[in-house]
Amino acid sequence: MLVQEDSPQVSSLLSQYGDGQAVELEGFLKYWQYKAVNRNAWLEDELTRLFERVGASLAGQSEEEKLLHQGREWLAQTSIRLAQFRSNEYPWSVGREKSGFHDFRRYDSLDAKIDGSWKQCEVQEVNWEEMAVLVQVRSAGSTKRETEWLPMESDRLAEFETKSLEKEEEVAPLLTRTQSRGGVCVRPGACGLHNLGNTCFMNATLQCLSNSGALRSFFAGSPEAPPPFPTDLSSSPLSMNGRLAREFGRLLAQMWSNSHESCVPTELKSLIGQQRPEFSGFQQQDAHELLIFMLDGLHEDVNRALYPRPTLPVVEAQGRADAVVAKEAWGQYLQRNNSRIVELFQFQIRSEVECPVCANVSVTFDPIMYLTLPVPKPPHSIKLTVVPLDYPRVPMQSVDVVIEKGATFAELEQQLWVQLGRVRGDSRFVFADVWSNRVDKIFEERQRTSEILTSVVLFAHELRLPAAALRPGAAVVSFVPVVFKRERKSTYSHSYGDERCAPPRILCVVGEETTNAEVSNQLLALASDLLVSAAAAATTPAPGEAPAAPAPAPAALGEALEFVTQADSYRRGDSLPREGPFLWDSNRHTLRNLAVIFLREDMVEPLPTCLPEVLNLRSGTGAGGGTATTLHECLLKNA
């Protein structure tokens, strides 16, 4: 076929498929066969129809060649050209697990050997098709961009801040993920297993099986004797022809040889993946599912029962004794399943079923190897600082009260009395949030403990209820926080200021029946107890010093104290009137705090250091527990 048109496309056609002047029919067909690759279905159908008219075939290329032209290719599942897929993620992504060194991601930090020296670099691009990464050297203050494409398996790559900080050349650390690390274990069997990529579930299962002494002796033997399992290997089609047993035994022997700090279970993982495809990848899997497969696979590999296995009827009691029926059922089961795994891990459960119509009872004994038990949740506890009624003569106590989550403060109070081993009587506990020796909030009985924030320091103040509050139909009881301050001269000026000097207390008042005089007497008693503690510390003289004067009597404290209302962190407050009813509106909080101000600094100077320390009490065994639960108790509870 001659071509007369002069164009770049025609020139390319003449040079590739012809002699420069003309194109034969065979070359023309080859040209359109090539063009048909990667085209749409309509073009392929049209070309096929035209080729059939001239008696030629469009399928001039093999299926493999067509796939290659499309950028696709079939690869074996075990090919080393395959790697785990990872999307480009930033290293600071929340919740990202620590990946292996081969799981390259964009912006990862690593060490790379550039221009003959190890430098700290950053991954700029990842090409999983070519199995290569583009790394860029980190150079502060330099505008030169040093970048280079390197194969992922190149020995010029290393983990971040390893080679770049070394002075001498060492073997590339990439091989540490695929080779066991030699060394002596801390103790025999304390050998680690490398994470091959989200294989922590497998490593945990293998470590549990490794520390089962009887199982380990059977598959790994001991320094004095070889393992006995080869004599029990089975060739039945249900087994793996002993491959799982041999590889498991080899790994156990390596772990307990005391010659490796860590081992790599690559062969065992590959063998498991051949039988169970869900374990062949690098995704998280259920450890219990793997444990079931391992024990079942090991059982079939060393099953002494002959194949084919006999088919036997179900053994039922039919009025016979349980011991007789259980023995007969177990003997029948051993005719089909007889291995070291059965001897170590399997047992029988008694199953009794009663027909609701005819009342017939069927009793059977079934084999079982797995017993699923609920994991007990840790008991919910609330940490309290209990302020006793006679504080500071009696020290405070730190208590962890075990109680259901979401209980009310009334229920918390009941549990606290039980845990302290006391009876409530005419006293009660008031719960308050205390910070920096002042009350921030008083919790009501109907409030839930779930409202307690993590920053709350919860105090339980013991109060004696007045007689008026115990009468039927008594007025509403209110609780008034009290802070203790001392007047102190400023260091930088001649003015005086107040600072809190002791833990706060809480007063109980009943409606309008409580007078200012009664409140003043209660405040005076609280202040006197603090001064007694301060005086006791001050009256213990050092060698050669005269003893200090004893604490003044409460009646003599009138001029040394001042009682104020509406005290807070920024204002001193108003003096408490001497006469009239004590006005306190707990709903409107017209009184922020009552305050006891010590006007003589020397009276309370030793107070912060002489108060008794808080005692720690152990958690009780109230609601929710707190004591360990044995296996027998757990079985009885869930029976």
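Residues numbered from 1 in each chain as written. Predicted model: local features only at pLDDT ≥ 70, side-chain atom pairs only at ≥ 80, totals over all residues. Heavy atoms only, no water.

**Some thoughts on the packing of helix H5 (residues 200–210) against helix H9 (residues 287–301)**
Each pair of packed helices can be described by the angle between their axes along with the distance between the axes. In the contact formed by H5 and H9, the axes pass within 9 Å of each other and the chain directions differ by 50°. Considering their axes alone, H5 and H9 lie oblique with respect to each other. The element H5 and its partner H9 pack so that their crossing is right-handed. Together, Phe201, Met202, Thr205, Leu206 and Leu209 of H5 and Ala287, Leu290, Leu291, Met294 and Leu295 of H9 make up the contact between the two elements. (Axes fitted to C-alpha atoms, helices over the stretch in contact; angles between N-to-C directions. Helix = DSSP H or I, 4+ residues; strand = E, 2+ residues; numbered from the N terminus. Parallel < 35°, antiparallel > 145°, perpendicular 65-115°, else oblique. Left-handed = near helix turned anticlockwise from the far one by under 90°. Contact = heavy atoms within 4.5 Å.)

**Regarding the sheet that holds strand S2 (residues 117–127)**
Taken together, the five strands give an open sheet; going across it, the order is S4-S3-S2-S1-S5, and neighbouring strands pair in antiparallel fashion. Only two strands of the sheet have a single neighbouring strand rather than two, namely strand S4 (147–151) and strand S5 (157–159). Averaged over all pairs of adjacent strands, the angle between their axes in this sheet comes to 45°, without regard to strand direction. In terms of strand pairing, S2 meets strand S3 (residues 132–137) through six bridges, oriented antiparallel. Across the sheet, Glu122 pairs through a bridge with Gln136, a residue of S3. (Pairing = 2+ DSSP bridges.)

**Considering a nonpolar patch on the surface**
The grouping of Phe347, Ile349, Leu371 and Leu373 at the surface amounts to a nonpolar patch, some 310 Å² of accessible area in total. On the secondary structure map, Phe347 appears in strand S9 (residues 347–354). Judged by its relative accessible area of 31%, Phe347 falls in the partly exposed class. (Patch = residues over 30% accessible without salt bridge, like charges linked within 9 Å, V, L, I, M, F, W, Y side chains within 5 Å. Areas by Shrake-Rupley, 256 points an atom, 1.4 Å probe, with all protein chains shown as cover. Salt bridge = Lys/Arg side-chain N within 4 Å of Asp/Glu carboxyl O. Buried < 20%, exposed > 50% of the residue type's maximum accessible area, 1.4 Å probe, protein only.)

**As for the packing of aromatic side chains**
Scanning the entire structure with this criterion turns up eight aromatic pairs. Between Phe218 and Phe219, the ring centres sit 5.0 Å apart and the planes meet at 90°, which makes this aromatic pair edge-to-face. Consider the rings of Phe409 and Phe431, whose centres lie 5.6 Å apart with planes at 45°: the pair is tilted. Of this pair, Phe409 sits in helix H12 (residues 409–420) while Phe431 sits in strand S13 (residues 427–435), and the two are 22 residues apart along the sequence. Look at Phe431 and you get buried, because its relative accessible area is 3%. Connected via pairs of aromatic rings, a cluster forms that spans Phe218, Phe219, Phe229 and Phe248. Geometry around Trp256 places Arg216 over its ring, the cationic atom sitting 3.6 Å from the centre. Its end group placed over the ring of Phe282, Lys269 keeps NZ or CZ at 4.7 Å from the ring centre. (Phe/Tyr/Trp six-rings, centres within 6.5 Å; stacked < 30°, edge-to-face > 60°. Lys NZ or Arg CZ within 6 Å of the ring centre and 35° of its normal.)

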